[in-house]
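This is what each chain is made of:
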Amino acid sequence: AAGVIQSPRHLIKEKRETATLKCYPIPRHDTVYWYQQGPGQDPQFLISFYEKMQSDKGSIPDRFSAQQFSDYHSELNMSSLELGDSALYFCASSRGTMKSSYNEQFFGPGTRLTVL
Amino acid sequence: AQTVTQSQPEMSVQEAETVTLSCTYDTSESDYYLFWYKQPPSRQMILVIRQEAYKQQNATENRFSVNFQKAAKSFSLKISDSQLGDAAMYFCAYREVLGGSEKLVFGKGTKLTVNP
């Protein structure tokens, strides 16, 4: 079965540079979530999109922005990178986002970002 | 906001033995979902088991089972007949729903070591 695809898998950047992480959800999934997992930490929710509209926002720095495109893939843009941005960034996808039903979030393999 | 607490940063178990990982959470909702995720060294997030709060029966998936105590807001994971491949970080997670959006709130994790 198709899974969530994230690219690149590894990324090394210098401080103050810009990075773009991409996420391709499972076919027919219309909801995308982004999580950040720092070293030795639990995943923290950043932002989510449903049908190309932002649906929720967590602890996402103003330097970060994201969007979901017409084909439902999503990109997380990170500018003015800091050392503390070094983390594993997960994308997850699900089908629908209704409180009355359960929609499992399927996680991608993550993108490991290292900021030097 | 809901919180998830895992009070055991590390646990160890002998191969073929049974181990229980603890998790407590805080919520004012009456219906919700709880999850246990496994994160092996590959860092992939793997769903182990889920529990819906309105179901009184504890969820079971092969060697993995939960002890869900709704009144106590406790959700422990029992791993029976532990195998070397069970060694990983285990995260307890709560599905938080606000309006039309949802996200996962994770505990800090428990690192499980399986000794041969």
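All of these numbers come straight from a predicted model, not from anything done at the bench. Within any chain, residue numbers begin from 1 and follow the written order of that chain's sequence. Note on labels: chains are lettered from A, ligands numbered from 1, in written order. It should be noted that, the model being predicted, local features are given only for residues of pLDDT at least 70 and side-chain atom pairs only at 80 or more, the latter also being counted only at that level, while totals for whole chains, interfaces and linings use all residues. Each side-chain value is derived from all of the structure's non-hydrogen atoms; neither hydrogens nor water enter the calculation.

Visitor: Which residues make up the side chain of Asp42 of chain A, and what values go with them?
Guide: We count a stretch as a helix when DSSP gives it H or I for four or more residues in a row; a strand needs E for two or more, and each element gets its number in order from the N terminus. The topology assignment puts Asp42 of chain A in the loop between strand E4 (31-37) and strand E5 (44-50). The class of Asp42 of chain A is buried, set by a relative accessible area of 2%. In terms of polar contacts, Asp42 of chain A uses its side chain to reach the side chain of Gln44 of chain A, at 2.8 Å. Whenever a nitrogen or oxygen atom comes within 3.5 Å of another N or O atom, the pair is scored as a polar contact, on the condition that within protein one atom can donate a hydrogen and the other can accept it, and that pairs from neighbouring residues in sequence are kept only if both atoms are in side chains. Polar contacts involving the side chain of Asp42 of chain A include one to the side chain of Lys108 of chain B, which spans 3.2 Å. Apart from the residues lying within four places of it in its own chain, the contact partners of Asp42 of chain A are Gln36 and Gln37 of chain A together with Phe91, Phe106, Gly107 and Lys108 of chain B. Here's how the labels work: a residue is buried when its accessible area is under 20% of the maximum for its type, exposed when over 50%, partly exposed in between, all with a 1.4 Å probe on protein chains only. Every residue pair with non-hydrogen atoms within 4.5 Å of one another is taken to be in contact.

Visitor: Quick rundown of the nonpolar core? Include the residues and the values.
Guide: Nonpolar side chains in soluble globular proteins tend to end up buried together. Residue and element names in this part refer to chain B. For this analysis, a nonpolar core means a set of buried residues of the types Ala, Val, Leu, Ile, Met, Phe, Trp, Tyr and Cys, connected via side-chain atoms within 4.5 Å. Counting residues in each nonpolar core, the largest one holds 26 residues, and the members touching the most others are Tyr25, Trp36, Phe75, Leu77 and Tyr90. Elements with a contribution of two residues or more to this core: strand E3 (19-21), strand E5 (33-39), strand E6 (46-52), strand E8 (64-69), strand E9 (74-79), strand E10 (88-98) and strand E12 (110-115). A total of four residues in this core trace back to one element, the largest contributor, which is E10. Every residue in contact with Leu77, bar those within four places of it in the chain, is listed here: Val19, Thr20, Leu21, Trp36, Ile49, Phe64, Ser65, Val66 and Tyr90.

Visitor: Explain the environment of His73 of chain A to me, using residue names and the numbers behind them.
Guide: All names here are of chain A. Relative to the assigned elements, His73 resides in the loop between strand E7 (64-68) and strand E8 (74-78). Along the primary structure His73 and Lys52 are separated by 21 residues, whereas in three dimensions their C-alpha atoms are 9.0 Å apart. At a separation of 2.7 Å, a polar atom in the side chain of His73 contacts the side chain of Asp71.

Visitor: Quick rundown of unusual backbone geometry? Include the residues and the values.
Guide: The omega torsion across Ser7 of chain A and Pro8 of chain A is -10°, close enough to zero to call that bond cis. Tracing the backbone shows Pro8 of chain A in the loop between strand E1 (5-7) and strand E2 (10-13). For Glu51 of chain A, which is not a glycine, the phi torsion comes out positive at approximately 50°. Structurally, Glu51 of chain A is set in the loop between E5 and strand E6 (53-57). On the accessibility criterion, Glu51 of chain A (31% relative accessible area) is partly exposed. Unlike most non-glycine residues, Arg43 of chain B shows phi in positive territory, near 75°. Locating Arg43 of chain B in the fold gives a position in the loop between E5 and E6.

Visitor: I'd like a description of the pairing of E5 of chain B, backed by residues and values.
Guide: Residues and elements named next belong to chain B. Of all seven residues in E5, seven are buried; the element is thus mostly enclosed. Residues Tyr33, Phe35, Tyr37 and Gln39 of E5 are buried on one face, and the alternating residues Leu34, Trp36 and Lys38, pointing to the opposite face, are buried as well. We treat two strands as partners when DSSP finds at least two bridges between them. The loop that links E5 with its antiparallel partner E6 comprises six residues; one of these, Arg43, has a positive phi angle of about 75°.

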